[in-house]
Protein chains: 2
Amino acid sequence: MKISDLAERTGLTAHTIRYYERIGLMPAAQRDRSGHRAYDERTLVWVEFLGHLKTTGMPIRDMLDYARLRAAGAGTEGQRKAMLARHRDAVALRVVALTECLDVLDAKIAGYGD
Amino acid sequence: MKISDLAERTGLTAHTIRYYERIGLMPAAQRDRSGHRAYDERTLVWVEFLGHLKTTGMPIRDMLDYARLRAAGAGTEGQRKAMLARHRDAVALRVVALTECLDVLDAKIAGYGD
DNA sequence: CTACAACTTCGAGCGCACTCTAAGTCAAGC
DNA sequence: GCTTGACTTAGAGTGCGCTCGAAGTTGTAG
């Protein structure tokens, strides 16, 4: 898979994918004989997971912490699990806050009449 | 109410409140005899409402559109209601997306075992 | 009278997450 | 053989939403 294919399948741009590699969010890509990046399905899964973290508002610096633990391999599972659990709880709180805001918005909208 | 009081009651800083006024998110404040900004309860309500829009991810440029309609007064209620309704729907979609991501996170966390 | 905190304006600076440009390389199709 | 287009690098630029600093004024407490 070339960078343009990965871009299409993830919704990122090739620019953004190179940026992610540069800052360490993605491991250095394999290269084909002409020096172009060549990706496999495992990379796709990783980028999609990063997408979930991004959707839920995790800052890149935290994704980097997670990526570094992942790169460190065995022995870091506990820390990774704890990180994700903390993040999960924060997201759940945000869902509650958003739901409350929806009520406020609905009330305001209703207040405008027809 | 002085700017420091409004700051304390809204959780914003005085710097941010002046910034909001500068860009047009808040109407030019009344001044006391020494030139200091003096706020009433209505301003507090407005800032709290801006807080709801911010919490739900509305960009400042959209808040500005809303603020301008509000400043224009009567006759813009329909547009304001439509804006809020569109925003409400977008927020509802985000809540759904976040909830789906929570499931993904839970699955991932469970995958790490104990 | 003096010290001090809180206010004022203007404008620069910052952190985040991209986003784009320039200049160059390479493989495939006509 | 030449054009086309996707790739490569390094580094600069962008938009958002603050955030801070400098320099000056004002009201209150001791």
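Residues numbered from 1 in each chain as written. Chains lettered and ligands numbered in written order. Predicted model: local features only at pLDDT ≥ 70, side-chain atom pairs only at ≥ 80, totals over all residues. Heavy atoms only, no water.

**Regarding the overall build of chain A**
- When helices and strands are counted, chain A shows five helices and two strands.
- Helices and strands appear in chain A in the N-to-C order α-α-β-β-α-α-α.
- In summary, chain A has a C-alpha radius of gyration of 19 Å against a globular reference of 13 Å for 114 residues, an excess of more than 25%.
- Seen along its three principal axes, the alpha-carbon backbone of chain A occupies a region of about 65 × 35 × 20 Å.
- In chain A, once contacts between residues fewer than 6 apart in sequence are set aside, the share between residues at least 24 apart is 45%.
- Counting every atom, chain A has about 6800 Å² of accessible surface; 53% of that belongs to carbon and sulfur.
- Both charge centroids of chain A, one from 18 positive and one from 15 negative side chains, sit 8 Å from each other. (Helix = DSSP H or I, 4+ residues; strand = E, 2+ residues; numbered from the N terminus. Rg over C-alpha atoms; globule rule 2.2 N^0.38 Å. Contact = heavy atoms within 4.5 Å. Areas by Shrake-Rupley, 256 points an atom, 1.4 Å probe, with all protein chains shown as cover. Lys, Arg positive; Asp, Glu negative; His and termini not counted. Charge placed at Lys NZ, Arg CZ, Asp CG, Glu CD.)

**Focus: the interface of chain B and chain A**
- Taken together, the contact between chain B and chain A spans 29 residues of the former and 29 residues of the latter.
- Contact between chain B and chain A buries roughly 2800 Å² in total, counting both sides, with carbon and sulfur atoms accounting for 78%.
- When the area that chain B buries against chain A is broken down by residue, the three leading residues are Lys81, Leu98 and Tyr112 of chain B, summing to 23%.
- The interface formed by chain B and chain A includes two salt bridges.
- At the junction of chain B with chain A, the criterion picks out four residue pairs in polar contact (both at pLDDT 80 or more).
- Breaking the side of chain B that touches chain A down by element, the ones donating at least two residues are helix H3 (41-55) and helix H5 (77-111) of chain B.
- In terms of residues, the side of chain B that touches chain A owes the most to one element, H5 of chain B, which gives 20 residues. (Buried area = accessible area lost by both parts, 1.4 Å probe. Salt bridge = Lys/Arg side-chain N within 4 Å of Asp/Glu carboxyl O. Polar contact = N/O pair within 3.5 Å; in protein donor to acceptor, adjacent residues only side chain to side chain.)

**A word on the packing of helix H1 (residues 3-10) of chain B against helix H2 (residues 14-23) of chain B**
Residue and element names in this part refer to chain B.
- Here H1 crosses H2 at 100°, and the two axes come no closer than 9 Å. Taken together, H1 and H2 sit at an angle that is classed as roughly perpendicular. Between H1, through Ile3, Leu6, Ala7 and Thr10, and H2, the contact on the second element is made entirely by Ala14, Ile17 and Arg18.
- For the contact of H1 with H2, the residue count by class is five nonpolar, one polar and one charged. (Axes fitted to C-alpha atoms, helices over the stretch in contact; angles between N-to-C directions. Parallel < 35°, antiparallel > 145°, perpendicular 65-115°, else oblique. Nonpolar A, V, L, I, M, F, W, Y, C, P; charged D, E, K, R; others polar.)

**A closer look at the relation of the copies chain B and chain A**
- Note on the identical chains: chain B maps onto chain A by a rotation of 180° and an axial translation of 0.0 Å, with an RMSD of 0.0 Å. On this basis, the relationship between the two copies can be described by a two-fold rotation axis. Minimal C-alpha distance to the rotation axis in chain B is attained by Val95 of chain B, lying at 3.1 Å.
- In this assembly, 100% of the residues forming the interface of chain B have copies in chain A that are likewise at the interface, indicating an isologous arrangement. (Least-squares fit on C-alpha atoms with pLDDT ≥ 70 in both.)

**Observations regarding the packing of helix H4 (residues 60-72) of chain B against H5 of chain B**
All names here are of chain B.
- Where H4 meets H5, the axes come as close as 9 Å, and the angle between the chain directions of the two elements is 155°. With respect to H5, the element H4 is oriented roughly antiparallel. H5 is crossed by H4, and the crossing has left-handed handedness. Residue-level contacts link Asp62, Asp65, Tyr66, Leu69 and Arg70 of H4 to Gln79, Arg80, Met83 and Leu84 of H5.
- Split by residue class, the contact of H4 with H5 holds four nonpolar, one polar and four charged. (Left-handed = near helix turned anticlockwise from the far one by under 90°.)

**Looking at the layout of surface pockets**
- Estimated volume of the largest pocket: approximately 470 Å³.
- Of all the secondary structure elements, the ones that give two or more residues to the lining of the largest pocket are helix H3 (41-55) and helix H4 (60-72) of chain A together with H5 of chain B.
- Among the elements that make up the lining of the largest pocket, the one with the highest residue count is H3 of chain A (seven residues).
- By residue class, the composition of the lining of the largest pocket is 12 nonpolar, three polar and six charged.
- Here the second largest pocket defines a volume of roughly 220 Å³.
- Tallying contributions element by element places H3 of chain B first for the lining of the second largest pocket, with three residues.
- For the lining of the second largest pocket, the residue count by class is seven nonpolar, two polar and three charged. (1 Å grid on protein atoms, 1.4 Å probe; cavity = no way out; pocket = protein on both sides within 12 Å on 5 of 7 lines; lining within 4 Å. Points joined across faces, edges and corners; volume = space filled by probe spheres on them.)

**Looking at the protein's contact with DNA strand D**
- Looking at DNA strand D, there are 19 residues lining it, with Ser4, Arg31 and Arg37 of chain A together with Tyr20 and Ser34 of chain B nearest.
- Counting only the atoms of DNA strand D that lie within 4 Å of the protein, the sugar and phosphate share comes to 73%.
- One of the side-chain nitrogen or oxygen atoms of Ser4 of chain A is found 2.5 Å away from a phosphate oxygen of DNA strand D.
- A distance of 3.0 Å is found between a phosphate oxygen of DNA strand D and a side-chain nitrogen or oxygen belonging to Arg31 of chain A.
- No other element matches H2 of chain B, which puts five residues into the surface near DNA strand D.
- Residues that form the surface near DNA strand D fall into these classes: five nonpolar, six polar and eight charged. (Near = heavy atom within 4 Å.)

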